[in-house]
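A structural walkthrough
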Amino acid sequence: LFPASPAAKTLKPGEDLRIIWHSRVSGKKRILPLLRALRDISGKYRLDVYGDGYDLKKAKRYAAKHHLGVKFHGDVKFAKLSTAIGRAHLDVLASYGFDTFGMTLIEAEAFATPVFFCDPDMVEVVPKGSFLLSKDQTPSAMAETINYLTVHPEKVREMMYEVVAEMLRGGQELNLENKPAIIMMIGVNGAGKTTTIGKLAKNFMDEGKKVVVAAAD
């Protein structure tokens, strides 16, 4: 199945650039530098923020004070979040020197949504040509990169096609026919193992499967 409608990823001239944030709203994830960057956006945009965290109240106050085009949704069920990711033009991860894997980027890729980030270490996580990387982590650099997209709206669709092309190059479905079916998850600290395990377990349970999570060290 095509993960997103090409129409949903077409940014028309004069249309709001739909940006989505679905990470913790915290200092390490750098929600406030992103909001500062939005003050310098010359084109039309809308940022939907999904998630909770210590900086949520501070972010809400900042967005309200500067009349930013931001809507805070809090924590929502994944079904609602996945719909929002699929409809977005751009997914954003503003952390720098913190994330080692970037689950936000992986989730965006699953819905063929282009991504924007400022940490060059994240380049290896996403398909070539499917992302925008700011020249550094400052709000001014982030604003410059997002402004580029508002001036070149055709880039959104081009990046989406790169994500889809990467999906079509390969991949392997999970074989759950064995009883019990065993999935082993291995990775370095901070790679997103626990988050991925939790989401897999929840999806399997929603399908009526019985799940046991076992840890080993």
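Up top is the structure.
Cut-offs applied
Residues numbered from 1 in each chain as written. Predicted model: local features only at pLDDT ≥ 70, side-chain atom pairs only at ≥ 80, totals over all residues. Heavy atoms only, no water. Patch = residues over 30% accessible without salt bridge, like charges linked within 9 Å, V, L, I, M, F, W, Y side chains within 5 Å. Areas by Shrake-Rupley, 256 points an atom, 1.4 Å probe, with all protein chains shown as cover. Salt bridge = Lys/Arg side-chain N within 4 Å of Asp/Glu carboxyl O. Lys, Arg positive; Asp, Glu negative; His and termini not counted. Charge placed at Lys NZ, Arg CZ, Asp CG, Glu CD. Helix = DSSP H or I, 4+ residues; strand = E, 2+ residues; numbered from the N terminus. Pairing = 2+ DSSP bridges. Axes fitted to C-alpha atoms, helices over the stretch in contact; angles between N-to-C directions. Contact = heavy atoms within 4.5 Å.

Some points on a positive patch on the surface
Where like charges cluster on the molecular surface, the positive patch consists of Arg36, Lys57, Lys58, Lys60 and Arg61. The dominant element in the positive patch, judged by the number of residues it contributes, is helix H2 (residues 56–65), at four residues. If you trace the backbone, lysine 60 turns up in helix H2.

Thoughts on the sheet that holds strand S4 (residues 90–93)
Ordered by their spatial adjacency, six strands build an open sheet running S3-S2-S1-S4-S5-S6, and the pairing between neighbours is parallel. Across the chains shown, the open sheet's two edge strands, defined by having one partner strand only, are strand S3 (70–74) and strand S6 (131–133). Each adjacent strand pair in this sheet contributes to an overall mean axis angle of 25°, direction not counted. Note that strand S5 (residues 115–117) and S6 share three bridges and pair parallel. Counted as the bridge partner of phenylalanine 117 is leucine 133 from S6. Along the sheet face, helix H4 (residues 103–110) touches S4 and S5 and points at about 170° away from the line of S4.

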